[in-house]
Amino acid sequence: MQWWRESVVYQIYPKSFQDTNSDGIGDILGIITRLDYLEKLGVEAIWLSPVYQSPNFDNGYDISDYESINPEFGSMEDIELLIDEAKKRDIRILMDLVLNHTRDKHKWFLEAKKGKDNPYRDYYIWRDPINGEEPNDLRAGFGGSAWEHDKKSNQYYFHLFSKQQPDLNWENPQLRQEIWQMMRFWLDKGVAGFRLDVIDLIGKVPNEKITVNGPKLHEYLQEMNQEVLAGRDTLTVGEAWSASPEIAQLYGDPSRNELSMIFSFEHMVLDEQPGKSKWDLKLFTLLELKHAIAKWQVALDGKIWNSLFWNNHDLPRIVSRWGNEKEYRVESAKMFAITLHLLKGTPYIYQGEELGMTNFPISDMSEVNDIETHHMYVERIKKGYSKKDIFHSINAKGRDNARTPMQWSGSKNSGFTDGKPWLHINPNYSDINVEAVLADPNSIFYTYQQLIKLRKENPVIIWGEFKLLLEAHKQIFAYERSYKGETWIVVANMSEIHVTLNLDDRQGEKPVVIGNYPKKTYQLNKLDLGPYETFVVKDNFL
Ligand code: TEU
Ligand code: CA
């Protein structure tokens, strides 16, 4: 039995969590000062977005040394202290590892660039020009060709993100050995596992234009497991945008010895036009959302472990995205919390989600930090898109939406920093902040706290079988979880529309286990649900 099935993980984006030395940038010591807060919330693990040495062009997802800490965030001693202090509070630390690429300032790449004979050359992916041009037309995630010309050798190197993030050549066994050694280095320091950035890309075959789910992907992960993870009690979660439930089994089937679980994104792309980019929006429907979630719950049930999330540092804030950040901010945030945490899998909370933090409205490029958005802007202006359209996409999907500093209090700079914050703070911090939610017994924070506590006390939440109810209902997301003769029923009005319905003919008042309206009981045969009204009851009719 692995601890991570029973725990809730909290993601920290360190740059925006807590600053302690007034440089406007969050730091590791800042995280330590907030561990008591996280303990109060009840989380048992922290996924720490990258804190390694990095020029921070992609905010740490461009690592230049895996075994040292970015001085902006602190030192190796600081991280060791964080691991120890977290441990005292029964909180484990998961490191975020970017193994698909390094920064172009990494010593391996600096060596590799020296020439074709350099021993590190083959740690990266180099190809000769074809007819004086790029080897093929593969595109990079952050704009332009995936091939960058190197004048010195007249070869191209490959990068799936920005050209400052050259892709590693996983075919090279010596490179893999270096990675295993580095992962053991962190585990020996006491970290409890890893979130593996874009892990579905490491098996790429650029010549055949295969980027995701390459032929050797799972071979590499099995090697990682043997060399690094075997015999250790770790949580490993791979970021896998391209995974289907069938592919999730390859990563997560315990008998295959690969990863604990993956992040899948099928429920997170429903507002995108299929086959286009994340910026090309389409109306999404709640029906699609609940079907996407139910599909994964059912397909993985009993075999593979799910991860559960609405947010991370790449995604817009869920209350702003699919809830109502104005009149029903609290109700919709709690609705999302309850519906997610009652599903089967390990829930992840992204910093500030437990306050119901909202997107920051952007009206000018000077307010944008994220390279992905900057690249998109330049590209789309060139293609003739209107600024109105571009800003519409940025506000809907830009990554800075969720990266603004944590809102700790109503005092200057939200208690995040005494200096000038690296990214604007959402002006709503005077209302939405940690101090305020802690003082209000009906706050979103206490809903999260209660959900985490319920999880610890009720095996049905962890192990119960999932069944979707009211499959075709357009507003209601309802499901059952059953375990050892116990059944819990979760009913959520995911919309602002009033809904009346008869869920079950049996009469009688049922006491609420957790909900987001003041009601203490519900009658399943005559439900009358207000905007975002959500509740959980036990099916104890006998
Ligand atoms: O994200 C992978 C990824 O594909 C995203 O960049 C995606 O394109 C988009 O942002 C989704 O909204 C990971 C990290 O989470 C991200 O922060 C990094 O920028 C990226 O890898 C490169 O390392
Ligand atoms: Ca700082």
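Residues numbered from 1 in each chain as written. Chains lettered and ligands numbered in written order. Predicted model: local features only at pLDDT ≥ 70, side-chain atom pairs only at ≥ 80, totals over all residues. Heavy atoms only, no water.

Peer 1: Mind showing me how you'd approach the packing of helix 5 (residues 173-188) against helix 6 (residues 217-229) here?
Peer 2: Helix-helix packing is characterised by the crossing angle of the two axes and by the distance between the axes. Look at helix 5 against helix 6: their axes get within 9 Å of each other, and the N-to-C directions meet at 45 degrees. Our classification of the angle between helix 5 and helix 6 gives oblique. Crossing angle aside, the handedness with which helix 5 passes helix 6 is right-handed. In this structure, helix 5 uses Arg176, Gln177, Trp180, Met183, Arg184 and Leu187 to contact helix 6, whose residues at the interface are Tyr220, Glu223, Met224, Glu227, Val228 and Leu229. Considering only residue class, the contact of helix 5 with helix 6 consists of 7 nonpolar, 1 polar and 4 charged. (Axes fitted to C-alpha atoms, helices over the stretch in contact; angles between N-to-C directions. Helix = DSSP H or I, 4+ residues; strand = E, 2+ residues; numbered from the N terminus. Parallel < 35°, antiparallel > 145°, perpendicular 65-115°, else oblique. Left-handed = near helix turned anticlockwise from the far one by under 90°. Contact = heavy atoms within 4.5 Å. Nonpolar A, V, L, I, M, F, W, Y, C, P; charged D, E, K, R; others polar.)

Peer 1: What's the story with the pairing of strand 15 (residues 476-483) in this structure? I'm lost.
Peer 2: The buried fraction of strand 15 is high, at 6 of 8 residues. Alignment of strand 14 (residues 465-469) against strand 15, held across 5 bridges, turns out to be antiparallel. Paired with Leu468 across the strands is Tyr479, a residue of strand 15. Hairpin connection, strand 14 to strand 15: the antiparallel pair is bridged by 6 residues, and Leu470 has positive phi, about 45 degrees. (Buried < 20%, exposed > 50% of the residue type's maximum accessible area, 1.4 Å probe, protein only. Pairing = 2+ DSSP bridges.)

Peer 1: Would you mind going over the site of ligand 1 with me for this structure?
Peer 2: Lining the immediate environment of ligand 1, one finds 16 residues, of which Asp58, Asp197, Lys278, His313 and Asp314 sit closest. The contact in question runs from an oxygen atom of ligand 1 to an N or O atom on the side chain of Asp58, over 2.5 Å. Between Asp314 and ligand 1, the recorded distance is 2.5 Å, taken from a side-chain N or O atom to an oxygen atom. Relative to its free-state accessible area of 490 Å², ligand 1 is covered by the protein chains to the extent of 90%. (Near = heavy atom within 4 Å. Polar contact = N/O pair within 3.5 Å; in protein donor to acceptor, adjacent residues only side chain to side chain. Areas by Shrake-Rupley, 256 points an atom, 1.4 Å probe, with all protein chains shown as cover.)

Peer 1: Could you clarify how one ought to interpret the domain arrangement of the protein chain in this entry?
Peer 2: In many analyses, interface size is given as the accessible surface area lost on bringing the parts together. The assigned domain composition of the protein chain is domain 1 (107-158), domain 2 (363-401) and domain 3 (463-538). Between the C-alpha centres of domain 1 and domain 3 there is a distance of 56 Å. (Domains from an automatic or database assignment.)

Peer 1: Is there a simple way to think about the packing of helix 11 (residues 371-382) against helix 12 (residues 387-397) in this case?
Peer 2: Two numbers describe how helix 11 lies on helix 12: the axes approach to 10 Å, and their chain directions differ by 160 degrees. Between helix 11 and helix 12, the angle falls in the class roughly antiparallel. For the pair helix 11 and helix 12, the sense of crossing is right-handed. Residues Thr373, Met376, Tyr377, Arg380 and Ile381 of helix 11 lie in contact with helix 12, whose contacting residues are Lys387, Ile390, Phe391, Ser393 and Ile394. Along the lines of polarity and charge, the residues of the contact of helix 11 with helix 12 split into 6 nonpolar, 2 polar and 2 charged.

Peer 1: I keep staring at the coordination of the calcium ion (ligand 2) and nothing clicks. Help me out?
Peer 2: Under ideal tetrahedral coordination, the four donors around a metal are separated by 109.5 degrees; under ideal octahedral coordination, the six donors are separated by 90 or 180 degrees. Distances from the calcium ion (ligand 2) to its protein donors, namely Asp19 (OD), Asn21 (OD1), Asp23 (OD), Ile25 (O) and Asp27 (OD), fall within the range 2.3 Å. For the calcium ion (ligand 2), the single-chain donor residues occur in sequence as D-x1-N-x1-D-x1-I-x1-D. A single burial state applies to Asp19 and to Asp27, both of which are buried. (Donors = N, O, S within 2.8 Å, 3.2 Å for Na, K, Ca; no water.)

Peer 1: Just checking my understanding: could you explain the nonpolar core for this structure?
Peer 2: The nonpolar side chains of a soluble globular protein tend to be buried with one another. Residues Ile79 and Met183 are the most contacted members of the largest nonpolar core, which totals 143 residues. Counting only domains with at least three residues in this core, you end up with domain 1 (107-158) and domain 3 (463-538). Non-local contacts of Ile79, meaning those with residues more than four positions away in its chain, are made with Ile28, Leu48, Val51, Ile69, Met95 and Trp186. The next biggest cluster of nonpolar side chains, apart from the first, holds 14 residues, and it includes Ile476, Val491, Leu503 and Leu524. (Core = buried A, V, L, I, M, F, W, Y, C linked by side-chain atoms within 4.5 Å.)

Peer 1: Can you walk me through the sheet that holds strand 19 (residues 521-523) in this structure?
Peer 2: Hydrogen bonding along the main chain pairs the strands of a sheet, whether they run parallel or antiparallel. Spatially, the 6 strands line up as an open sheet ordered 14-15-16-21-18-19, and their pairing is antiparallel. Lying at the two open borders of the sheet, with one neighbouring strand each, are strand 14 and strand 19. Direction aside, the axes of adjacent strands within the sheet are offset by 35 degrees on average. Where strand 16 (residues 486-493) and strand 21 (residues 534-538) come together, 5 bridges link them in antiparallel fashion. Within strand 21, the residue paired with Val491 across the bridge is Phe535. The sheet strands contacting helix 8 (residues 286-300) are strand 14 and strand 15, and the helix crosses strand 14 at an angle near 150 degrees. Across the sheet, helix 14 (residues 444-457) lies against strand 16 and strand 18 (509-515), angled at about 110 degrees from strand 18, the strand it touches most.

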